[in-house]
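# Observations on chain architecture
Okay, here's what each chain looks like letter by letter:
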Number of protein chains: 2
Amino acid sequence: MIPEGNCIYAQSGGPTSVINASAAGVIKTARNSGAIPKIYAAAYGVKGLLNHTIYDISEEDPKEIDLLITTPGSIFGTSRYKLKTFEEDESDYKKILDIFKKLNIRFFFFNGGNDSMDTCNKINSYLKNSGYDCNVIGIPKTVDNDLQETDHCPGFGSAAKFISTTITEMRLDADSYDSGLVIIAEIMGRNAGWLTAASALALNEELGPDLVYLPEKTFSIEKFIDDARAVLAKKKNLIIAVSEGIRDDKGQYITDVAGNNKVVDSFGHKQLGGAATILGEILKEKISTRIRTMDIILSQRCAAHWASKTDIEESFMAGKCAVEYALEGKSGYMIGFERANSNPYNCIVKLIDVAHTANREKTVPLDWLTSEGNGVTKPFFDYALPLIQGEPVMPMEKGLPRFARLSKQKVLS
Amino acid sequence: MIPEGNCIYAQSGGPTSVINASAAGVIKTARNSGAIPKIYAAAYGVKGLLNHTIYDISEEDPKEIDLLITTPGSIFGTSRYKLKTFEEDESDYKKILDIFKKLNIRFFFFNGGNDSMDTCNKINSYLKNSGYDCNVIGIPKTVDNDLQETDHCPGFGSAAKFISTTITEMRLDADSYDSGLVIIAEIMGRNAGWLTAASALALNEELGPDLVYLPEKTFSIEKFIDDARAVLAKKKNLIIAVSEGIRDDKGQYITDVAGNNKVVDSFGHKQLGGAATILGEILKEKISTRIRTMDIILSQRCAAHWASKTDIEESFMAGKCAVEYALEGKSGYMIGFERANSNPYNCIVKLIDVAHTANREKTVPLDWLTSEGNGVTKPFFDYALPLIQGEPVMPMEKGLPRFARLSKQKVLS
């Protein structure tokens, strides 16, 4: 059934370079449909639904909406809020239903990762059980690329492109010296190593990292030291890409076990060092060379200036299709991608039962890693390269990116 | 006098995103001149002159030379080697004169910062005193922008553009949350704060950092804590850009004095924390909020993918003019820029006596900083904005930058 009424859009989980392209897809499609009088957005994701902080974005300047396509961050704000099941506690759900009724919201678009799809699933079920007509569609978003049942996720391609480019540039910088340097770059991914694998995407092997460690494969400190020694026996500079989530054979994070991980700062606090810091300390101890650790975790999810055009277009399409499917009466689905063809690359949109994607993680297939476990193989390249293709035209002003500026009128206090 | 013979080019000091654009300017101009039979490059700067590791680049593929224009790093290798005066020790100079004679080198182009201009000056004097005809021209290069007598330095504009864009993107990422976050970004510059100042270049104030600390102004920890508290009283997220070289009222680096700076790692080593780490610890102690430190030091000097077109063109021009002036008989000069007009921006090339630039540093004028000492003012914007203008077309292949690949044939073992 296709209800009549307004729509609301909300962002959830970590921002990406392209999540606002999905927002633009939703807003422009809803406007053009002629079927949705008011377009709302929740401030800071579920938080805005609960505390009723809602923006009316129906009248935002279309030029600024277009600029959303290349604006990083979560323009309406985001949060990580875990809803209890409604059997446990119905109060949150009542607040959401309240605001939906008050604003006659009949279409709900929730843009996030796998935790967010759980939220999406719960809200959809509650609304259905309450007899309130509202079509709920999840829009995928995660640089981690760990959502199930979809070929890949919006956000991944752009982060992958930035990481591989940055590693290549660092390689050229490091190779400017013959004095010997180890660079350890730490990359996002607690359980899934998609982005760390992407660090290996270089036009030729010489420009990529020498060693790549994903959380999918058990990490051995002894093997790591041997690997590093083997590379340094052949060349002066060693570049290592490591996932923040590497674990030992007991499944414990390296950051929790190695060297007791007691980094004590000048005030005597114990600090949790990152994986790169820990590995840097180990190499400093075992191999006498200059070590440099790099944390590109924050940049990789917001470097809109170097996004993948394919990723931007697909992110927009995910938002667009969410509205179209909702207007066709679909509810309780997440937009997914199916690779119709690899060469030339062609992806089509499909609907995935949101209950099937919630709280599940997709990891890199083990046979896409080298037998040594310190690199990736051709199937990963074949999979990932189409996703980083194309350079968007970044709207510029005075030599700097011109990002969207929305007025974000609040409808309720 | 214009000698007849070959030329050699060498790179020195830290790499930049655009130093190879100067290399391209030298190589293409030398080729086109018809007056220089052989074009050589020294491997790893002065080191190559001393150990006689020299590449013959006369026959490199012109397409790859063009790709140098957008390739970061120092393609022929670099080093930081300080020559003694020849009164102290003539042996290095003899080795250099040897190879110059052997290869009939009559034009020497040395591409570097202020230490490198000292080397350039010494070699020029020695060659003149030895009666060996060779025209020596220095080509400026430094992201630090601290060379005297030139309006600005090739390398600065691109680093400035990347830093300001990155800070803006981080701001949009941080502002996606309402949970409160302090980001402290550490930026290059031991004595000159040009790059840290550049972090403030944003299209509107909201997108720039809230607090900016340069080494030019005495840094007070108490004032810093007050500044941070004042910002956080008004907004949830605080972004701080800090130069690695900030110093207290006794002229000591904050990294040397604050909190005794005893960061002890898991192996019991004492480590030198960076300025951002130290300030992060101080804020963690004094203000209860999430702190994130960001080291963008390595990326800022090699992010060719986001270079300034103006900077690339000027870097190329510096290399080109070096060859042209040498062929006119000039020697002992560095190529400099003079701002002929600010609006519209127009810079002309001038010759600067290399002895005047050697070992001297240009810092940011104090009246370009706010009276509070935690921000920059309009004159800095007027100065810096023209330097970050324009986006180069990056040659791409399979979604990744296609950087130059030279064959680098060695002429002598």
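In this text, all values refer to a predicted model and were calculated from it rather than measured experimentally. Numbering of residues begins from 1 in every chain and follows the order in which that chain's sequence is written. Written order determines the labels here, with chains lettered from A and ligands numbered from 1. Thresholds applied to this predicted model are a pLDDT of at least 70 for local features of residues and 80 or more for the giving and counting of side-chain atom pairs; totals over whole chains, interfaces and linings are not thresholded and use all residues. The side-chain values count all of the structure's non-hydrogen atoms but skip hydrogen atoms and water molecules.

## A closer look at the relation of the copies chain A and chain B
We superpose the copies by least squares over the C-alpha atoms of residues that have a pLDDT of at least 70 in both of them. Of the two same-sequence chains, chain A is brought onto chain B (RMSD 0.0 Å, axial shift 0.0 Å) by a rotation of 180°. On the angle and the small slide along the axis, the relation comes out as a two-fold axis. By the convention used here, residues are in contact when the closest approach between their heavy atoms is within 4.5 Å. Most of the interface of chain A is mirrored in chain B, where 100% of its interface residues are also at the interface.

## A word on the layout of surface pockets
Quantified by volume, the second largest pocket comes out at close to 700 Å³. In terms of lining residues, the second largest pocket is bounded by 30 residues, among which Tyr44(A), Ile75(A), Lys408(A), Asp175(B) and Glu206(B) are the most central. Here a cavity denotes grid points, spaced 1 Å and computed from the protein atoms alone, that fit a 1.4 Å probe unable to get out, and a pocket denotes an open set having protein on both sides within 12 Å along at least 5 of 7 lines; residues with an atom within 4 Å of a point are the lining. Grid points are joined across faces, edges and corners, and a volume is the space filled by probe spheres set on the points.

## Topic: the environment of Glu391(B)
Elements are defined by DSSP. Helices are runs of H or I of four residues or more, strands are runs of E of two residues or more, and each kind is numbered from the N terminus. Inspection of the secondary structure assignment puts Glu391(B) in the loop between helix H14 (378–384) and strand E14 (396–397). Residues Glu391(B) and Ile312(B), 79 residues apart in the sequence, show an inter-C-alpha distance of 9.5 Å. Among all residues touching Glu391(B), those that are not within four sequence positions of it are Met396(A), Gly399(A), Lys161(B) and Lys309(B).

## Notes on the packing of aromatic side chains
All names here are of chain A. Two aromatic rings from Phe, Tyr or Trp, using only the six-membered ring of Trp, form a pair when their centres are within 6.5 Å; if the ring planes differ by under 30 degrees the pair is stacked, by over 60 it is edge-to-face, and anything between is tilted. Applying the stated criterion across every chain yields a total of 34 aromatic pairs over all chains. Both rings, one in Phe380 and one in Tyr383, keep their centres 6.4 Å apart while their planes meet at 40°; by these two values the pair is tilted. Of this pair, Phe380 and Tyr383 both sit in helix H14 (residues 378–384), 3 residues apart, roughly one helical turn. Considered together, Phe380 and Tyr383 belong to a single accessibility category, that of buried residues. The classification of residues rests on relative accessible area computed with a 1.4 Å probe and restricted to protein chains. Under 20% of the type maximum is buried, over 50% is exposed, and intermediate values are partly exposed.

## Some details on helix H10 (residues 275–286) of chain B
Each α-helix winds once per 3.6 residues, and so residues spaced three or four apart point in a common direction. To estimate the expected span of a helix, subtract one from its residue number and multiply by 1.5 Å. Spanning 12 residues, H10(B) covers 17 Å between terminal C-alpha atoms, matching the ideal 16 Å at 1.5 Å per step. Every buried residue belonging to H10(B) is among Ala275(B), Ala276(B), Ile278(B), Leu279(B), Gly280(B), Glu281(B), Ile282(B) and Leu283(B), and all of these are buried.

## A word on the packing of helix H8 (residues 221–234) of chain B against H10(B)
All names here are of chain B. Note on geometry: axes are C-alpha line fits, over the in-contact stretch for helices, and angles between N-to-C directions span 0 to 180 degrees. Following both chains from N to C, one finds H8 and H10 inclined at 65°, their axes separated by 11 Å at the closest point. At the point where H8 passes H10, the crossing takes the right-handed sense. Contact residues: H8 offers Ile221, Phe224, Ile225, Ala228 and Arg229, while H10 offers Leu279, Ile282, Leu283 and Lys286. Only Asp, Glu, Lys and Arg are considered charged, only Ala, Val, Leu, Ile, Met, Phe, Trp, Tyr, Cys and Pro nonpolar, and every remaining residue, Gly among them, polar. Taken together, the residues of the contact of H8 with H10 break down into 7 nonpolar, no polar and 2 charged. A crossing counts as left-handed when the near helix is turned anticlockwise from the far one by less than a right angle, and as right-handed when that turn is clockwise.

## Concerning the pattern of salt bridges
Where charged atoms from two side chains of opposite charge come close, those side chains can pair. Throughout this description, the term salt bridge denotes a Lys or Arg side-chain nitrogen within 4 Å of a carboxyl oxygen of Asp or Glu. Tallying each qualifying case throughout the model produces 40 salt bridges over all chains. Residues Asp210(B) and Lys235(B) are paired through a salt bridge, measuring 2.6 Å at the closest nitrogen-oxygen approach. Taken together, the residues Asp210(B) in the loop between helix H7 (194–198) and strand E7 (211–213) and Lys235(B) in the loop between H8 and strand E8 (237–243) connect sequence positions 25 residues apart. Look at Lys235(B) and you get partly exposed, because its relative accessible area is 31%. Among the charged side chains, a network of salt bridges with common partners joins Arg171(A), Asp175(A), Asp210(A) and Lys235(A).

## Here we look at the interface of chain A and chain B
If you look at the interface, chain A gives 72 residues, while chain B gives 72 residues. Once two parts are brought into contact, the accessible area they lose, counted with a 1.4 Å probe and summed over both, makes up the buried area. With both sides pooled, the region where chain A packs onto chain B buries about 6,100 Å², and carbon together with sulfur makes up 59% of that total. Listed by contribution, the elements that provide at least two residues to the side of chain A that touches chain B are helix H6 (156–174), strand E9 (263–264), helix H10 (275–286), strand E11 (290–295), helix H11 (297–300), strand E14 (396–397) and strand E15 (400–401) of chain A. No other element matches H6(A), which puts 9 residues into the side of chain A that touches chain B. Its residues placed into classes, the side of chain A that touches chain B shows 30 nonpolar, 22 polar and 20 charged.

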